[in-house]
Amino acid sequence: MSGKTLAEKILSRVSDRDARAGDLVIVPISRVMVHDSVIDAVIAGLRALGRERVWDTSRVAVFVDHAAPAPTPVVADSHRVLREWVRAQGIATFYDAGEGVCHQIMVEEGYCEPGTVIVGSDSHSNSYGAVGAFGAGMGATDVAVALALGRTWLRVPESIKVTFTGRPRKGVTMKDAIMRVVREIGTDGARYACVEFHGAGALPQGDRITLAGMTTEMGAKAGIVVGTPEAPDWLYPDPGAAYANEIAIDLTTLEPQIAVPPRVDQVVDVSQAAGQPVDVVFLGSCTNGRLVDMHQAAAILRGRRIAPNVRLEVVPSSRRQMEDAMADGTLLALSAAGAVIGSSGCGPCLGRTGGVLAGEEICLSTANRNYRGRMGSADAAIYLGSPYIAAVAALTGMIDDPRPYLEATDEEFDALVARRRAERPERGTSSFRSGDRSRELVFAAPRGVALEVDD
Amino acid sequence: MPRAWTFGDDLDTDQIVPGRYAPFMVGQDKFHTYAFCDARPGFAKEVRPGDILVGGENFGCGSSREYAVAALAKLGVGGIVAKSFARIFFRNCINLGIPVIESADAIGLVRDGDEVTLDLTGGVLRTPQGDATLRPLAAFAREILDAGGVVAYLREHGDFPAAR
Ligand code: SF4
């Protein structure tokens, strides 16, 4: 028998049998993640099952993040029901509105045990593969069943091996890398499969979340990074494991990538989308709402002012990320540049709260989805890109290659921005802003606060 | 007689029920009236119990939102035949008792509005243009569907069907 992929290894271990791709296994779950947007259906499911109590309160994590803080009375009522349910069940792992996106907290607070199966009520639960867990997103009824039994059924997935080599050049990120992979594999190229990432284990945890989470955009059941610092020794695919497909990406030649609406796999090199005007820029989500993402945006925006007629929304992915960005002056720099700072959570990523898009509006988002209607109006268009590209778009009002900006002297930079702004076709209306304190504030920041940005 | 509604490839759950019309946003009794409101206006009014949706590749991709499937179940959709299904959507349909069956030739054969019959036992979708072949469902899924969904199955049996 050939060696095993990472998915086969994990599922063999937890199901206590020789699990091979295609087998159906029933497996114990190490944790169930539930969030606000499906809680009603999950509670109804548990009730319908005739099981009022979850199987193990210490293995359940609950989050209010998808429409938080509540934008409407209906949502507020649903949040109230959720809080009452959490209290009645005695679930201690509960993160209320403003704490952040479920996936970010699950990984950064250590709720994802490497080598185990985690069921989440969210399609991006694949993110837990960032630390070597088999995270699978499921619908409300599956989640209710998981909460009742502590087990779920899975078809052992085939695996697709993605190998990264080299390091990206300045201005190119792992967001570009994963969009390059989506471009290669397509929205359903990894359907039912596990995407196994090689050559990414040593990356910062945030980059690994970006990679693992976006395997959802290829239809994957799970996405797991090999060789992370969190993973135990056994958690390694065998040599000679059989893969359904293998892809190699050379990061050293990677160009910044843009996903063109309305498909996440309609991905082009940034040069092909350069000049595309935008009205709104969103920096945030479980894909790109971390401190490092805000650093990258601030590397472009610090001490400057976003373009007239453009709105910038920054939503940190967790309170920890937000407070770190407050402490080192990054959020101040972004606010002074004209950003609207939202409380940590999903924000406008899914069009429910915190700045939804109007018809005809064009958005550059650092999130992971650009379907029609995703962020509000069905007539809005969403381009996806890295935080660097987002920052340049906020500054110039159009999509552009961020690298010349990162290399430019101050003078060259200003000339580049002025030229781009002049080229931008008229869109939207400009509004008065309460004083332009961008330079003043940033340079008056207390000593010891990092003004230098590490990208 | 059930009617066929045809759709293309990569139909995502945001098109089935847009996020802004989630039960969470509009209430439990209304969300299904927004089914396909952007992608196929009029659907929720005109669809009749037992109607069959026929699609291409990757039907139901995107968000894991089960209410997209719940909306179809509420409207009485009798089954979905597509070249392939997105994974979470597939599970959700089985769980909520909507037959989801793969067929390579159905979408090429059937025309929107055709009167059709879904014959699970015979393994075909009957259309005016001839029969489309259905891929047999796994026994595990079939057992859950026959019970009317996973909740009904578990209530009756207390545990999953045996894994094979
Ligand atoms: S940030 Fe966006 S993609 Fe991530 S969990 Fe929230 S809604 Fe989903």
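Residues numbered from 1 in each chain as written. Chains lettered and ligands numbered in written order. Predicted model: local features only at pLDDT ≥ 70, side-chain atom pairs only at ≥ 80, totals over all residues. Heavy atoms only, no water.

J.: Looking at this model, I keep getting lost on the overall build of chain B. Mind explaining?
T.: Helix and strand counts for chain B come out as eight helices and seven strands. Computed over C-alpha atoms, the radius of gyration of chain B comes to 15 Å, within 12% of the 15 Å expected from 2.2 N^0.38 for 164 residues, which places it in the range of a compact globule. With the C-alpha coordinates aligned to their principal axes, the bounding extent of chain B is approximately 40 × 40 × 25 Å. Split into buried and exposed, the 164 residues of chain B put 55% on the buried side. Across chain B, the fraction of contacts at a sequence separation of at least 24, relative to all contacts at a separation of at least 6, is 63%. Put simply, chain B shows about 6,200 Å² of open surface, and 49% of that area lies on carbon and sulfur atoms. Positive and negative charge centroids in chain B, built from 17 and 21 side chains respectively, lie 3 Å apart. (Helix = DSSP H or I, 4+ residues; strand = E, 2+ residues; numbered from the N terminus. Rg over C-alpha atoms; globule rule 2.2 N^0.38 Å. Buried < 20%, exposed > 50% of the residue type's maximum accessible area, 1.4 Å probe, protein only. Contact = heavy atoms within 4.5 Å. Areas by Shrake-Rupley, 256 points an atom, 1.4 Å probe, with all protein chains shown as cover. Lys, Arg positive; Asp, Glu negative; His and termini not counted. Charge placed at Lys NZ, Arg CZ, Asp CG, Glu CD.)

J.: Would you mind showing me how to read the domain arrangement of chain A here?
T.: Interface size is often expressed as the accessible area that is lost when the parts come together. All names here are of chain A. By domain assignment, chain A separates into domain 1 (6-253) and domain 2 (257-424). Computed over C-alpha atoms only, the centres of domain 1 and domain 2 are separated by 26 Å. Of the residues lining the interface, 37 residues belong to domain 1; the matching set on domain 2 comes to 39 residues. Summed over both partners, the interface of domain 1 with domain 2 comes to about 3,200 Å²; 54% of that surface belongs to carbon and sulfur atoms. For the domain 1 face of the interface with domain 2, the top three residues by lost area are K175, M179 and R183, together amounting to 18%. The tally of links from domain 1 across to domain 2 stands at five salt bridges. Here E217 ties to R369 by a salt bridge, and the two come within 2.9 Å at their closest N and O atoms. Between the two partners, domain 1 and domain 2, sit 23 residue pairs in polar contact (both at pLDDT 80 or more). For the side of domain 1 that touches domain 2, the element with the most residues is helix α6 (residues 174-185), which contributes six residues. (Domains from an automatic or database assignment. Buried area = accessible area lost by both parts, 1.4 Å probe. Salt bridge = Lys/Arg side-chain N within 4 Å of Asp/Glu carboxyl O. Polar contact = N/O pair within 3.5 Å; in protein donor to acceptor, adjacent residues only side chain to side chain.)

J.: It is not clear to me how the confidence of the model for chain A should be interpreted in this structure. Could you clarify?
T.: Do not read the predicted coordinates in detail wherever pLDDT is low. Per-residue pLDDT for chain A has a mean of 93; in total, 94% of the residues score no lower than 70. Low pLDDT, under 50, characterises residues 444-455 of chain A; the predicted model gives this stretch 15 contacts beyond four residues in sequence or across chains. (pLDDT = per-residue confidence, 0-100.)

J.: How do you make sense of the site of the ligand when you look at a structure like this?
T.: Residue and element names in this part refer to chain A. Surveying the vicinity of the ligand reveals the residues H66, V101, H103, D122, H124, S285, C286, C346, C349, L350, N368 and R374. Its residues assigned to classes, the shell around the ligand shows five nonpolar, five polar and two charged. Residues from two domains meet in the shell around the ligand; each of domain 1 (6-253) and domain 2 (257-424) gives at least three. (Near = heavy atom within 4 Å. Nonpolar A, V, L, I, M, F, W, Y, C, P; charged D, E, K, R; others polar.)

J.: Help me understand the interface of chain B and chain A, please; the structure alone is not making it clear to me.
T.: Across the contact, 43 residues belong to chain B and 46 residues belong to chain A. Carbon and sulfur atoms make up 56% of the area that chain B and chain A hide from each other, which totals about 3,800 Å². At the junction of chain B with chain A, the criterion picks out three salt bridges. Residue R91 of chain B is joined to D142 of chain A by a salt bridge in which the shortest nitrogen-to-oxygen separation is 2.7 Å. Every element with two or more residues in the side of chain B that touches chain A is listed here: α2 (23-26), α4 (66-74), α5 (87-96) and α8 (150-157) of chain B. No other element matches the seven residues that α5 of chain B contributes to the side of chain B that touches chain A. When grouped by side-chain class, the residues that make up the side of chain B that touches chain A number 19 nonpolar, eleven polar and 13 charged.

J.: Explain the sheet that holds strand β11 (residues 245-250) of chain A here, please?
T.: Pairing between the strands of a sheet is mediated by backbone hydrogen bonds and can be parallel or antiparallel. Residue and element names in this part refer to chain A. Strand order in the open sheet formed by four strands is β10-β9-β8-β11, with parallel pairing between adjacent strands. Unpaired on one side and paired on the other, β10 (222-225) and β11 mark the two borders of the sheet. Averaged over all adjacent pairs, the angle separating strand axes in this sheet is 20°, with direction ignored. As defined by bridge partners, strand β8 (residues 159-165) adjoins strand β9 (residues 194-198) across five bridges and the pair is classed as parallel. Of the residues in β9, the one forming a bridge with S159 is C194. (Pairing = 2+ DSSP bridges. Axes fitted to C-alpha atoms, helices over the stretch in contact; angles between N-to-C directions.)

J.: For this particular structure, what's the right way to read the packing of aromatic side chains?
T.: The way to describe two aromatic rings as a pair is by their centre distance and the angle between their planes. Counted by the stated rule, this structure contains 16 aromatic pairs over all chains. Between F7 of chain B and F43 of chain B, the aromatic rings sit 6.5 Å apart at their centres with planes inclined by 65°, giving edge-to-face as the arrangement. Of this pair, F7 of chain B sits in the loop between β1 (4-6) and α1 (13-16) while F43 of chain B sits in helix α3 (residues 43-46), and the two are 36 residues apart along the sequence. No difference in accessibility class separates F7 of chain B from F43 of chain B, as the two residues are buried. Between F36 of chain B and F43 of chain B, the ring centres sit 4.7 Å apart and the planes meet at 75°, which makes this aromatic pair edge-to-face. Of the two residues, F36 of chain B and F43 of chain B, both sit in the buried class. Taken together through their ring pairs, the aromatic side chains of W5, F7, F36, F43, F59, F85, F89 and F90 of chain B make up a single cluster. Across from the ring centre of W153 of chain A, 3.9 Å away, lies the NZ or CZ of R91 of chain B, which sits over that ring. (Phe/Tyr/Trp six-rings, centres within 6.5 Å; stacked < 30°, edge-to-face > 60°. Lys NZ or Arg CZ within 6 Å of the ring centre and 35° of its normal.)

J.: When you look at the sheet that holds strand β3 (residues 79-82) of chain B in this model, what are you seeing that I'm missing?
T.: Residues and elements named next belong to chain B. The strand order across the open sheet built from four strands is β1-β2-β3-β4, with neighbouring strands paired in parallel fashion. The sheet is open, and its two edges are formed by β1 and β4 (100-102), each paired on a single side. This sheet shows a mean twist of 20° between the axes of neighbouring strands, independent of strand direction. For β1 and strand β2 (residues 52-55), the ladder comprises three bridges, and the chain directions are parallel. By the bridge assignment, T6 is partnered in β2 with V54.

J.: Explain unusual backbone geometry here, please?
T.: Of all residues except glycine, most have a negative phi; of all peptide bonds, most are trans. Cis geometry marks the peptide bond from A68 of chain A to P69 of chain A; its omega dihedral reads -10°. Within the secondary structure, P69 of chain A sits in the loop between β3 (60-63) and α3 (73-89). A cis amide bond links P261 of chain A with the next residue in sequence, P262 of chain A, at an omega value of 0°. Its location among the elements puts P262 of chain A in the loop between β12 (257-259) and β13 (267-269). We note that Y192 of chain A has phi near 65°; this positive angle belongs to a residue other than glycine. Relative to the helices and strands, Y192 of chain A is located in the loop between α6 and β9. For Y192 of chain A, a relative accessible area of 18% corresponds to the buried category. Although it is not a glycine, D10 of chain B adopts a positive phi angle of roughly 55°.

J.: Teacher, can you tell me more about the environment of A68 of chain B here?
T.: Residues and elements named next belong to chain B. Examined against the element boundaries, A68 turns out to sit in helix α4. We classify A68 as buried; its relative accessible area is 0%. Note: C-alpha distance between A68 and G79 (eleven residues apart in sequence) is 14 Å. In this structure, A68 is in contact with T13, I16 and V17, ignoring residues within four places of it in sequence.

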